[in-house]
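# Close look at the chain arrangement
One-letter residues, chain by chain:
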Amino acid sequence: MTARISTPHALAPEGIKAMMALEQSLAHSGIDHRLLELVKYRVSQINGCAFCLHMHATDLRRHGESELRLYLLTAWRESTLYSERERAALGWAEALTHLPESQAPDADYAALAAVFSESERVWLTLAIGAINSWNRLQVGFRVPHPAADA
């Protein structure tokens, strides 16, 4: 893979600064860090973003996430390894990532509303929007992930 733009972040510093400010606010949203990272990892799987998959898998492992849960994340609906709260967040993340097809179904929103406060729903939706934007930057400009560190 050849990068289309080698340093896209350096070419729009104010935009990246704004994105990083959003990431900092998400870190203080009150939503569990591992849950946010799991959502970011799942959205990055859907979008095929190797850079973000590498980053979020690394972070999840560092915070104690099991390899098995990472492996089974694409089949989370068929797995018993994910909590009700995780399942609601993952369903919402998929619905918003596939928005043209899904139109954010009422069933996904109802599952979300059953386990997240209104404030948490807004923060989670901001996180989903942010990771979709990051994925589009990295995939669109073919930004390579770091060399394997295994």
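Preceding this section is the structure that the text describes.
First things first, this report covers the structure right here in the doc. (Residues numbered from 1 in each chain as written. Predicted model: local features only at pLDDT ≥ 70, side-chain atom pairs only at ≥ 80, totals over all residues. Heavy atoms only, no water.)

## Here we look at a nonpolar patch on the surface
For clarity, the cut-off: Patch construction takes residues with relative accessible area above 30% that form no salt bridge. Like charges are linked within 9 Å, and nonpolar side chains (Val, Leu, Ile, Met, Phe, Trp, Tyr) are linked within 5 Å. Methods summary: accessible areas were calculated by the Shrake-Rupley approach with a probe of 1.4 Å, and residue burial reflects only the protein chains presented. When a carboxyl oxygen of Asp or Glu is within 4 Å of a side-chain nitrogen of Lys or Arg, the pair counts as a salt bridge. Helix numbering and strand numbering both begin at the N terminus, where a helix is a DSSP run of H or I of at least 4 residues and a strand a DSSP run of E of at least 2.
A contiguous nonpolar patch, built from Leu-68, Tyr-71, Leu-72 and Leu-81 and spanning about 380 Å² of accessible area, is present on the exposed surface. For Leu-72, the location among the structural elements is in helix 5 (residues 67–72).

## Some thoughts on the environment of Trp-76
Selection criterion: Contacts are assigned to residue pairs with any non-hydrogen atoms lying within 4.5 Å of each other.
The residue Trp-76 is located in the loop between helix 5 and helix 6 (84–97) in this model. With 69 residues separating them in the primary sequence, Trp-76 and His-145 have C-alpha atoms 25 Å apart. For Trp-76, the contacting residues outside a window of four places in its chain are Arg-42, Tyr-82, Arg-87, Leu-90, Gly-91 and Glu-94.

## As for the pattern of salt bridges
Convention followed: Burial here depends on accessible area, computed with a 1.4 Å probe over protein chains only, as a share of the maximum for the residue type. Under 20% is buried, over 50% is exposed, and the range in between is partly exposed.
The tally for this structure, following the rule as stated, stands at ten salt bridges. For Glu-37, the salt bridge identified is with Lys-40, shortest N-O distance 3.7 Å. Taken together, the residues span about one helical turn, with Glu-37 and Lys-40 both in helix 3 (residues 33–47) at a distance of three residues. As a salt-bridge pair, Glu-94 and Arg-42 come within 2.8 Å of each other at their nearest N and O atoms. Of this pair, Glu-94 sits in helix 6 while Arg-42 sits in helix 3; the two residues are 52 residues apart in sequence, bridging distant segments of the chain. Of the two residues, Glu-94 and Arg-42, neither departs from the other in class, the shared state being buried. Among the charged side chains, a salt-bridge network with shared partners connects Arg-34, Glu-65, Arg-69 and Glu-86.

## Here's the deal with the nonpolar core
Formally: Here, the term nonpolar core denotes a set of buried Ala, Val, Leu, Ile, Met, Phe, Trp, Tyr and Cys residues that are joined through side-chain atoms within 4.5 Å.
Judged by nonpolar contacts, the single largest core of 32 residues is most densely connected at Val-39, Leu-73, Phe-116, Leu-124 and Ile-128. Secondary-structure elements contributing two or more residues to this core are helix 2 (13–27), helix 3, helix 4 (50–62), helix 6 and helix 9 (118–140). Those residues in contact with Val-39, other than ones at most four positions away along the chain, are Ala-89, Leu-90, Ala-93, Leu-124 and Ile-128.

## A closer look at the environment of Glu-23
Note the following rule: Polar contacts, as counted here, are pairs of nitrogen or oxygen atoms within 3.5 Å of one another; within protein the pair requires one atom able to donate a hydrogen and one able to accept it, and residues that are adjacent in sequence qualify only if both atoms are side-chain atoms.
Topologically, Glu-23 is positioned in helix 2. Taking C-alpha positions, Glu-23 is 7.8 Å from Ala-130, a pair spaced 107 residues apart along the chain. With near-sequence residues (within four places) excluded, Glu-23 lies in contact with Lys-40, Ala-130 and Trp-134. At 2.9 Å, the side chain of Glu-23 forms a polar contact with the side chain of Trp-134.

Keep in mind that these numbers describe shape and distance, not what the molecule does.
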